Amino acid sequence: MLIAVLSGFIVACIVPLIFKLNRKVAGALLSILPLSLFIFYLQFLPNVLAGEKILTTFYWIPSLKINLNFMIDGLNLLFALIISGIGFVVYLYASAYLAKSEKIVPFYIYISIFMASMLGVVTCNNTLALFVFWELTSISSFLLIGFNHEQERSRYAALQSLLVTAGGGLALLASVIIIGQIAGTYEISQMSAFHSNLINNALYPSILILFLIGTFTKSAQFPFHFWLPNAMEAPTPVSAYLHSATMVKAGVFLMIKFLPILGGTELWMWLLGGFGGWTMLMASTMALKQTDLKRLLAYSTVSVLGTLTMLIGLGGEKAISAMIIYLFAHSLYKGALFLTAGIIDHETGTRDIRNISGLRKYLPITALIGVLAALSGMGIIPFIGFIGKEMLYETALLSGQYSTLFITISVISAVNIFAVMAYSGILPFFGEYKSPSEHVHEAPFQMTSGPVAFALLGLVSGLFAGSTVDGLTNKALQSIFPSASHHLALFHGFNLPLLLSALTIVVGLIFVLNRKSLVEFIEKIRIPEYFFPSKWYDYIFNGTLSFAEIQTKFLQNGHLRYYIFTILALFILLVGGSFFGFNTSGSILNAFAISIERSIAGIDIYDISMLITVLIASVFALLSQGRLSAIASMGIVGALISLIYIIYGAPDLAMTQLSIETLSVILFVLVLYKLPRFFTYSKLKTRIRDLVIALAFGSIFTMIIIFVSAYGKFDTGLSEYFAQTSYLIGHGKNIVNVILVDFRGFDTMGEITVLSIAAVGVYSLLRLRKQGGEQ
Amino acid sequence: MNSILAMPVVFPLFIGIIMLFFWKHRSIQRIINALGSTITLVLAIYLTWYVKTSGIQCLYIGAWKAPFGIIFTADLLTMTMILVSAIIGFATSIYSLGTMDETREHFGYYPLLQIMIMGINGSFMTGDLFNMFVWFEVLLISSFSLVALGGKRSQLEGAIKYVILNLLSSSLFVVGVGILYGITGGLNMADLARKIPMLPNKGIVNVMAMFFLVSFGIKAAIFPLFFWLPASYHTPPAAVSAIFAGMLTKVGVYALFRVFTLIFVTDVAFTHTIIIIIAMLTMLSGVLGAASQMEFRRILSFHIISQIGYMILGLGLMTPLGIAGGVFYIFHHIIVKTNLFFVSGVVNELKGTYLLKKLGGVLKLYPLLGLLFLIPALSLGGVPPLSGFWAKYTVAVAAVEKGEYLALAVSLFVGLLTLFSMIKIWNEVFWKEQKAEFAAEQQTLRQLPKFKIAMMFAPIIFLAAITLFIGLNPEPFLNYANEAAHQLLNPSIYINAVLGGAQ
């Protein structure tokens with residue numbers, strides 16, 4: 001099973017090679033992949049029908065409990081078959097549809113990655129591995145939406161879909177991690193045992209909301225639905241495959257899978273029922289006014305996804321059973337309709353339904369597909385879509401307290417969808433012939449055979465529901481409710497759902513016949529822009545970017561003095577804060593007392609006079625108006641410090657200090673000659689601010705040092721050791737020298753390297769500038 | 001036997017000196033440098049294996065026993081850093097063969113590169129706090145020369161900011177070491193780790209912890225101390241900014257990991273909470289910075305900052321999974337980030353600019369380059385199953401385990417914005433059609449010599465392969481990171497290895 005899932009990735013790697021070998025048959029050759037996957041999954045059907053579950057285990061990252069464990073039960077198998085089956089049709093279709101495109105190679109790469117990932121999503125039993133595949137579907141979808149990437153619109157749509165679905169994916173990841181922490185397992189099949197732990201946990205609402213953000217974004221539920229119509233920028237086979245039949249159902253899939261794990265609560269019902277119902281109603285209404293064939297279909301897809309979500313929200317056995325049938329029917333008819341739209345686009349060069357009609361004259365097979373698929377979508381007897389709709393009505397009627405609400409919106413949406421199906425699958429083929437292109441002729445068999453199969457399957461599975469889809473859908477239902485079962489039949493007797501169906505058809509027909517006035521009516525409903533979630537996306541997107549710009553201009557403003565200012569301020573905050581926060585005022589004062597006591601005890605006239613001179617010199621350096629005087633007074637400070645070294649018995653240090661001081665003063669003076677005149681640039685306010693920072697920084701340093709020196713050294717082992725061994729082992733009488741060249745010789749080597757590199761660097765800098773002829 | 005521990009430091013110095021003798025002979029330097037980096041890589045692999053199998057190793061330099069002399073100590077964290085530095089040094093050396101201009105090669109580019117690697121490796125290897133300061137200086141002066149080499153105005157401006165802010169860090173560091181020595185009488189890190197818990201005054205330990213947090217924080221480019229990084233990284237040639245992007249900040253991150261797992265662990269509730277807060281701000285601030293940029297390398301530079309946040313977050317959590325996540329993150333990040341800079345350099349080589357506005361249409365001409373960009377870019381964006389995802393995931397789970405839900409939220413949000421930035425580059429550079437007015441000055445790959453192309457692409461493919469390998473097979477790397485975390489969270493292992501069980 002691992003190989004089956006990974007085969008798509010492997011094939012993706014060799015797609016360029018196959019096209020290099022033979023461009024003409026490459027597409028057809030590649031469609032063997034989904035076909036063999038379909039057959040592979042089909043072989044599990046007898047086992048699944050016998051009530052078995054097939055589990056395989058592959059240890060991938062055991063330390064993180066991420067393993068490639070795959071499971072085949074009824075639901076997973078149903079999805080795997082849909083994915084590989086439709087995949088086969090789409091692969092074949094695209095080989096003709098994109099035959100002339102130069103981007104056919106990346107198309108097959110991306111779609112193979114997608115198919116593999118999607119199979120991973122629906123057969124993985126480990127939530128984290130599932131998430132890996134989940135994100136890969138988002139990425140491959142991104143690459144496919146941006147197929148025509150020279151166009152700004154495509155790039156916008158691709159980025160939008162990625163940000164929405166990958167962002168949702170991250171929310172899903174968060175919920176999966178937290179669920180894993182609570183349940184202690186990442187295996188879906190083991191999680192339902194922790195159902196009560198999860199729903200009674202204080203974090204349950206957050207977990208559920210995060211989870212639903214993940215599934216809603218993927219399955220285009222309000223308020224995240226807007227990316228799906230925009231995703232129609234992708235080539236039509238992609239829209240048919242990813243954005244109606246498979247990927248957008250991943251969210252729905254996960255919600256059914258998690259019904260026994262997170263479901264069964266009021267919150268679950270209200271969030272799914274509410275958002276699903278609203279999405280169903282809103283999207284089906286929006287669909288009515290679309291003129292682009294693909295956008296028409298996209299909005300109806302969103303509406304159907306809303307229906308599915310609502311059914312999962314209602315959550316009973318009936319609801320899930322209805323949902324499975326509805327989903328199955330939708331995959332067939334919507335796939336067929338999208339592929340039909342692709343043929344129309346391909347042949348006439350337009351997708352605007354106002355510009356085409358009567359196409360059946362030149363596209364007879366396509367017309368047949370369109371009509372059959374649309375009839376199933378409209379819920380006309382005896383298509384499978386009819387059974388799905390009947391079950392939807394039945395469930396809505398039984399939904400208890402709020403059944404009136406649910407049945408009303410279900411019927412309104414069904415009426416809308418009825419009209420939309422007619423607009424997209426029937427009207428283009430009838431009436432007077434009209435087409436912008438003159439060379440309309442029937443598409444090759446690679447493009448028609450698949451949709452024909454879908455359309456016929458929709459009819460056959462409806463007519464003989466009891467003997468065809470009944471078995472597998474029952475098993476799919478049982479993977480959620482083990483003891484439930486349903487019996488599919490076309491005719492349930494004369495009951496309320498049938499009456500409502502009749503009503504749907506009558507009102508739907510009125511809608512179909514009066515398209516123009518209906519659209520005019522809908523257009524009249526003016527809703528302010530800022531109510532549209534797609535606008536919210538733009539607001540959030542642009543808002544984040546503006547905020548990013550402001551914060552970055554503020555922080556990274558290009559002025560070195562602000563950088564230093566900020567660093568010092570943070571130092572004062574953290575170091576100063578912890579100094580006063582963690583040391584009692586008693587111990588600080590005590591330290592001061594000790595050091596003052598000590599200083600007074602050992603002080604003499606040299607110390608005092610030197611101290612005063614240092615102070616005067618530094619204040620003078622601060623206040624001086626000329627560079628030369630400032631440097632000279634800094635020189636005085638340096639020289640006096642070397643005197644302090646002498647008094648405290650470190651002549652080596654004093655010598656070093658003095659020579660460095662002298663050298664730097666000389667260098668300064670030399671450079672000074674080249675510099676412009678001295679100005680006071682800063683305002684009084686900034687100078688005061690700088691003074692405060694400088695004083696705070698200096699005082700914190702001073703206080704820490706007083707504090708530390710007052711409490712003395714904890715351990716003097718190191719200096720004692722140096723004193724004892726420097727002559728005996730190090731053979732040197734001057735301890736400082738022995739430390740420098742022996743005990744810590746490696747430091748000295750490093751410092752020598754620093755000096756040599758500085759020399760090399762300066763030399764190269766100067767020479768390279770001269771050579772470059774720059775200033 | 002343990003003398004070999006000195007090799008990652010001494011050997012680059014040796015090559016550097018040899019190359020100085022061939023100052024006028026560019027091609028000899030090129031050969032020596034490439035060979036030398038290869039040998040360093042082999043050495044590093046051997047050493048890592050050695051430490052992994054035989055435990056923490058010490059080298060007492062001049063045979064002065066710890067804590068009296070300087071020592072080199074190699075635990076698994078050290079070896080991670082040494083190994084990845086050798087990988088990056090090797091890749092950069094090859095990449096330089098294809099991209100470095102002749103003038104820079106004439107003026108000591110290769111010796112400076114080797115000395116910088118010496119400084120980097122020294123900082124990782126040393127077990128002595130003052131010695132670490134020395135290596136920081138070696139690193140600073142050589143990297144400064146590399147940034148400034150060429151002397152363009154923008155370069156010098158960046159270099160000045162770089163060197164001044166880093167000198168500020170160094171001064172804080174050396175004063176901090178001085179004060180710490182004043183309190184404890186020790187410089188050896190294991191010795192410090194042993195003495196600090198015995199100090200009578202706990203308050204001063206926290207003060208010193210903050211002292212080092214600021215000093216190393218500047219080096220590691222955490223919020224709000226990162227200014228030098230975006231100011232300088234986009235100015236030097238691609239090879240230089242690539243190795244900078246990979247290694248320099250990570251020296252600071254390493255230092256933080258070292259001192260905040262070994263030395264300043266007496267009041268974790270205080271110190272590490274501050275680290276977590278800073279980590280979150282670093283992630284956010286860096287990623288927002290990247291979102292506002294429209295220049296290839298500046299976007300990448302800001303992302304270094306936000307990624308540092310993830311590593312520091314792992315440290316701040318101070319749990320086995322957190323530290324392991326941090327270590328894993330460092331390793332993954334260095335490889336990915338260096339590679340992205342390599343790719344940016346190739347794009348610049350072809351199109352003559354780093355500005356997203358002027359770029360475009362690269363995918364159509366060079367689909368392979370597109371793939372080689374996507375692998376590290378999506379990895380950086382945390383797309384599974386690439387290396388970056390496991391890194392982010394590990395840190396995120398560690399945050400959840402500790403109940404740091406805010407950190408989880410921030411890390412996921414920042415992940416999304418990172419992905420956005422990478423897609424922005426992808427859209428603008430690879431997908432968009434280049435505007436005709438900017439298309440004039442470009443050259444095509446065919447016009448370039450074959451050798452140059454090979455030397456440009458080989459290191460990119462090499463690093464992308466590593467990224468893919470980690471991504472598809474993270475288990476051994478995670479196990480390694482877990483072991484490293486185990487060592488870090490049990491300082492007694494380190495202390496015993498350095499000072500011996502008896503002390």
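Because the structure is predicted, anything quoted here is derived from the model rather than measured.

Criteria and thresholds
Starting from 1, residues in each chain are numbered consecutively following that chain's sequence as written. To label them, take the chains in the order written and letter them from A, then take the ligands in the order written and number them from 1. This being a predicted model, a pLDDT of at least 70 is required before a residue's local features are given, and a value of 80 or more before pairs of side-chain atoms are given or counted; all residues contribute to the totals for chains, interfaces and linings. Hydrogens and water are ignored here; the side-chain numbers use all heavy atoms of the structure. Comment: elements are numbered from the N terminus, with helices defined as DSSP H or I runs of at least four residues and strands as E runs of at least two. The buried label goes to any residue with under 20% of its type's maximum accessible area, the exposed label to any with over 50%, and the partly exposed label to all in between, with areas taken from a 1.4 Å probe on protein chains only. Should any heavy atoms of two residues lie within 4.5 Å, those residues are considered in contact. Every accessible area reported is derived by Shrake-Rupley at a probe size of 1.4 Å, with residue values counting cover from the shown protein chains alone. Counted as positive: Lys and Arg. Counted as negative: Asp and Glu, with His and the chain ends omitted from the count. Note on charges: their place is set at NZ of Lys, CZ of Arg, CG of Asp or CD of Glu. As a per-residue measure, pLDDT tells how confident the predictor is, with possible values from 0 to 100. A helix is expected to span 1.5 Å for every residue after the first. By nonpolar core we mean a set of buried residues, namely Ala, Val, Leu, Ile, Met, Phe, Trp, Tyr and Cys, connected to one another through side-chain atoms within 4.5 Å. Accessible-area loss on putting two parts together, using a 1.4 Å probe and summing over both, is the definition of buried area adopted here. The working definition used for a salt bridge is a side-chain nitrogen of Lys or Arg within 4 Å of a carboxyl oxygen of Asp or Glu. Each polar contact in these results corresponds to two N or O atoms within 3.5 Å; when the atoms are within protein, one needs to be able to donate a hydrogen and the other to accept it, and residues that are neighboring in sequence are counted only if both atoms are side-chain atoms. All axes are obtained by fitting lines to C-alpha atoms, using only the stretch in contact for helices, and the reported angles, taken between N-to-C directions, cover 0 to 180 degrees. Each angle is binned into one of four classes, with values under 35 degrees roughly parallel, values over 145 roughly antiparallel, values of 65 to 115 roughly perpendicular, and all other values oblique. Handedness of each helix crossing follows the sense of rotation of the near helix against the far helix: counterclockwise by less than a right angle gives left-handed, clockwise gives right-handed. Side-chain classes are defined by residue name, with Ala, Val, Leu, Ile, Met, Phe, Trp, Tyr, Cys and Pro counting as nonpolar, Asp, Glu, Lys and Arg as charged, and the others, Gly among them, as polar. Working definition: rings of Phe, Tyr and Trp (its six-membered ring) pair if their centres are within 6.5 Å, and the pair is stacked with planes under 30 degrees apart, edge-to-face with planes over 60 apart, and tilted otherwise. Should the NZ of a Lys or the CZ of an Arg lie within 6 Å of a ring centre and within 35 degrees of the ring normal, that charge is described as sitting over the ring.

What follows deals with the overall build of chain A. Along the backbone of chain A there are 34 helices and two strands. Considering chain A as a whole, with its 775 residues, one finds that 55% of them fall into the buried category. Contacts in chain A between residues far apart in sequence, at least 24 positions, make up 78% of those at least 6 positions apart. A total of about 33900 Å² of accessible surface is found on chain A, and carbon and sulfur atoms cover 69% of it. Averaging the positions of the 45 positive and the 37 negative side-chain charges in chain A gives two centres separated by 8 Å.

We now examine the confidence of the model for chain B. Mean pLDDT over chain B works out to 92, with 98% of the residues at or above the 70 mark. As scored by the predictor, the complex reaches a pTM of 0.93 and an ipTM of 0.93.

What follows concerns helix α12 (residues 268-291) of chain B. Over its 24 residues, α12 of chain B extends 34 Å from the first C-alpha to the last, a length consistent with the 34 Å expected when each residue adds 1.5 Å. Within α12 of chain B, 17 of the 24 residues are buried, leaving the element largely enclosed by the surrounding structure.

In this section: the nonpolar core. Ranked by internal contacts, the top residues of the largest apolar core, which has 475 residues, are Y41 and L262 of chain A together with F264 of chain B. Here the element with the most residues in this core is helix α17 (residues 317-348) of chain A; it accounts for 19 residues. Apart from the residues within four sequence positions on either side, Y41 of chain A is in contact with A4, V5, I72, L77, A80, L81, S84, L119 and T123 of chain A. Listed in part, the seven residues of the second largest apolar core include L718, F722 and F743 of chain A together with F68 of chain B.

Let's shift gears to the interface of chain A and chain B. Taken residue by residue, the interface counts 97 residues in chain A and 117 residues in chain B. Contact between chain A and chain B buries roughly 9400 Å² in total, counting both sides, with carbon and sulfur atoms accounting for 78%. In this structure, R744 of chain A engages D128 of chain B in a salt bridge whose closest nitrogen and oxygen atoms are separated by 2.5 Å. On inspection of chain A and its partner chain B, the count reaches eleven residue pairs in polar contact (both at pLDDT 80 or more). Every element with two or more residues in the side of chain A that touches chain B is listed here: α7 (127-145), α8 (152-183), α25 (533-555), α26 (560-582), α31 (684-711), α32 (717-728), α33 (735-743) and α34 (745-772) of chain A.

Take the packing of helix α2 (residues 23-30) of chain A against helix α5 (residues 74-97) of chain A next. All names here are of chain A. In contact at an axis separation of 8 Å, α2 and α5 are set at 165 degrees when each is read in the N-to-C sense. In terms of their interaxial angle, α2 and α5 are classed as roughly antiparallel. At the point where α2 passes α5, the crossing takes the right-handed sense. Each of G27, A28 and L30 in α2 lies in contact with α5, whose residues at this interface are Y91, L92 and S95. Taken together, the residues of the contact of α2 with α5 sort by class into four nonpolar, two polar and no charged.

This next bit is on the packing of aromatic side chains. Enumeration according to the criterion identifies 72 aromatic pairs over all chains in this entry. With centroids separated by 5.8 Å and ring planes inclined at 75 degrees, the aromatic side chains of F746 of chain A and W135 of chain B adopt a geometry described as edge-to-face. Of this pair, F746 of chain A sits in helix α34 while W135 of chain B sits in helix α6 (residues 129-148), which puts the two residues in different chains. Each member of the pair, F746 of chain A as well as W135 of chain B, is classed as buried. Taken together, a centroid distance of 6.0 Å and an interplanar angle of 35 degrees make the contact between F331 of chain B and F477 of chain B tilted. Of this pair, F331 of chain B sits in helix α14 (residues 320-351) while F477 of chain B sits in helix α20 (residues 475-489), and the two are 146 residues apart along the sequence. Judged by its relative accessible area of 22%, F477 of chain B falls in the partly exposed class. Three or more aromatic residues link up through ring pairs in this structure, and these residues are F130, F133, F136, F173, F212, F216, F260 and F264 of chain B. Over the ring of F565 of chain A we find R689 of chain A, and its NZ or CZ is 4.4 Å from the ring centre.

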